[in-house]
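One-letter residues, chain by chain:
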Amino acid sequence: MKSYEKLLQNNKQWAESKLKDDPGYFDSLAHLQTPEFLWIGCSDSRVPANEITGTQPGEIFVHRNVANLVINNDVNLLSVLDYAVTHLKVKHVIVCGHYGCGGIKAAITNHDFKAVLNMWLRSIKDVYRIHRNELDSIKDDREKENRLVELNVQEQIFNLAKTSIIQRAWKNESRPHLHGWVYGLKDGIINPVCEMKAGTHIDALYEYDDL
Ligand SMILES: [Zn+2]
C-alpha cells in the first residue's frame with residue numbers, strides 16, 4: 001500500500017468509528033459551524049490544533065503558516081481573520097507558536113533561504129530587532145531562541161490588534177479577546193505568554209477613530 005493510500009484507509013475507519021458512536025455526527029456538523037475560537041498556529045506537523053487542545057471538529061477555526069505570523073498584507077490570513085471575527089463571531093483569537101520552531105531558528109541565522117522564504121522570515125528578524133536589547137543579553141542559544149518564539153507570538157498579537165477587523169469588533173461587540181500561547185514539543189504543554197482583552201488601547205498611532 002502506498003503511504004497516501006494509508007491515509008484514505010484511516011479516514012474510512014475514522015468515519016465509521018464516529019458513526020458508531022453517534023449516527024447523527026456528520027449530519028449535525030454539516031449543518032452548523034459555530035466555533036468559539038480562531039487558532040493561528042505554525043504549519044509544523046507536530047502542532048495540530050485540535051489534538052493538543054482536546055477539541056473536536058467544529059470547535060476551532062484554523063489558520064496555519066510558517067512561524068504563525070500575522071502579516072498586514074497577507075490576504076490569506078486576513079480573509080480567515082475577517083471571516084472568523086466578522087461572520088463566525090469568534091470570542092477568542094489564539095496565536096500559538098511553539099518552542100523549537102524551524103522558522104524562528106532559520107530567522108536567527110544569516111543563511112540565504114532564497115527569495116520567498118527570505119521574504120517571510122524577514123518579519124521574524126524584525127521582531128528580533130525590536131527586542132534586540134533583551135535577546136542579545138541572553139547568552140544561551142536555546143534560551144534565546146525560546147524567548148524569540150515567545151516575543152514573536154507577542155508581536156503577532158499586537159499585529160492583530162492593529163487591524164481594523166479586530167478594532168471594529170472590539171468597538172461594536174467587545175470581542176474577541178486575543179491570546180498568545182507557546183506549545184512545548186517536549187512536554188506537550190501550552191504556555192500562555194500574553195493576553196490582550198477586547199478594547200485594549202495600543203499605540204494611538206494604530207487606533208482608527210472613525211470605524
Ligand atoms: Zn514552527
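See the structure above.
Since this is a predicted model, take the numbers as computed values, not measurements.

### Some thoughts on the overall build of the protein
Reasoning step 1: Counting its regular elements, the protein contains nine helices and five strands.
Reasoning step 2: Along the protein, helices (α) and strands (β) appear in the sequence α-α-β-α-β-α-β-α-α-α-α-α-β-β when read from the amino end.
Reasoning step 3: Residues classed as buried in the protein amount to 38% of the 211 residues present.
Reasoning step 4: Looking at the protein, you have 25 positive and 28 negative side-chain charges, and the mean spots of the two groups are 4 Å apart.

### Let's talk about the coordination of the zinc ion
Reasoning step 1: Ligation of the zinc ion by protein atoms is provided by Cys-42 (SG), His-98 (NE2) and Cys-101 (SG), these donors lying 2.1 to 2.3 Å from the ion.
Reasoning step 2: Going along the chain, you hit the donors of the zinc ion in the pattern C-x55-H-x2-C. On the criterion of sequence distance, the pair formed by Cys-42 in strand β1 (residues 37-42) and His-98 in strand β3 (residues 92-98) is long-range, its members being 56 residues apart. Pair check on accessibility: Cys-42 and His-98 agree, each one buried.

### Overview of the pattern of salt bridges
When charged atoms on two side chains of opposite charge get close, those side chains can pair.
Reasoning step 1: Taken as a whole and assessed by the stated rule, the structure comprises nine salt bridges.
Reasoning step 2: With its nearest N and O atoms 3.2 Å apart, the salt bridge here joins Asp-136 to Arg-132. On the criterion of helical spacing, the pair formed by Asp-136 and Arg-132 is a turn pair, its members being four residues apart in helix α7 (residues 132-136).
Reasoning step 3: On the basis of relative accessible area, Arg-132 is assigned to the partly exposed category, the value being 41%.
Reasoning step 4: Across the pair Glu-134 and Arg-147 runs a salt bridge whose closest N-O atoms are separated by 2.4 Å. One end of the pair, Glu-134, is in helix α7; the other, Arg-147, is in helix α8 (residues 141-161), with 13 residues separating them in the sequence.
Reasoning step 5: Through salt bridges that share partners, Lys-89, Glu-173 and Arg-175 make up one connected network.

So, how was this worked out
- Residues numbered from 1 in each chain as written.
- Predicted model: local features only at pLDDT ≥ 70, side-chain atom pairs only at ≥ 80, totals over all residues.
- Heavy atoms only, no water.
- Helix = DSSP H or I, 4+ residues; strand = E, 2+ residues; numbered from the N terminus.
- Buried < 20%, exposed > 50% of the residue type's maximum accessible area, 1.4 Å probe, protein only.
- Lys, Arg positive; Asp, Glu negative; His and termini not counted.
- Charge placed at Lys NZ, Arg CZ, Asp CG, Glu CD.
- Donors = N, O, S within 2.8 Å, 3.2 Å for Na, K, Ca; no water.
- Salt bridge = Lys/Arg side-chain N within 4 Å of Asp/Glu carboxyl O.

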